[in-house]
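Now for the letters of each chain:
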Amino acid sequence: MLAADGIEVDLIDLRTIWPWDEAAVIASVKKTGRLLVVHEAVEVAGFGAEIVATVVDRLGPGALKAAKRLAAPRIPIPFAPPLEAEVRVTPEKVVRAVKALMQA
């Protein structure tokens with residue numbers, strides 16, 4: 001979806017959260033200057049915050065043009081399918097988040 005708009009991304013699918021592939025994430029951020037951490041757990045106190053914090057600790061805040069977490073809001077997952085769709089992380093939400101990072 002992003003390639004259709006001429007946007008290239010480094011996509012790193014972390015298969016485990018401990019240990020996680022810190023070297024791959026750091027290399028990508030050095031290359032792009034941007035970081036979008038996407039996960040389905042709640043954003044507040046989620047592992048995505050650990051990834052962002054580690055990148056800032058290792059590279060310093062000046063190495064990042066932009067960083068963001070895209071995750072579920074801190075609410076119970078609704079039963080009704082339309083409401084559930086609103087809180088889930090979707091490809092469309094990822095595309096919007098990447099485009100917002102590109103503006104930073």
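Keep in mind that this is a model prediction, so the values were computed, not measured. (Residues numbered from 1 in each chain as written. Predicted model: local features only at pLDDT ≥ 70, side-chain atom pairs only at ≥ 80, totals over all residues. Heavy atoms only, no water.)

Caption draft 1: Highlighting helix α4 (residues 91-103). For α4, built from 13 residues, the straight-helix expectation of 18 Å at 1.5 Å per residue is met to within 8% by its first-to-last C-alpha distance of 19 Å. Among all positions of α4, only Lys93, Val95, Ala97, Val98 and Leu101 are buried. In this structure, the buried side of α4 is in contact with β1 (34-42), β2 (66-72) and α3 (81-87). (Helix = DSSP H or I, 4+ residues; strand = E, 2+ residues; numbered from the N terminus. Expected span 1.5 Å × (residues − 1). Buried < 20%, exposed > 50% of the residue type's maximum accessible area, 1.4 Å probe, protein only. Contact = heavy atoms within 4.5 Å.)

Caption draft 2: Structural detail: the nonpolar core. Among the nonpolar cores identified, the biggest contains 10 residues, and these are Trp20, Val25, Ile26, Val29, Leu35, Val37, Ile51, Val52, Val55 and Leu64. Contributing elements (two or more residues each) for this core: α1 (22-32), β1 and α2 (47-59). Apart from residues lying up to four places away in sequence, Leu64 is in contact with Val29, Gly33, Arg34, Leu35, Val55 and Val56. (Core = buried A, V, L, I, M, F, W, Y, C linked by side-chain atoms within 4.5 Å.)

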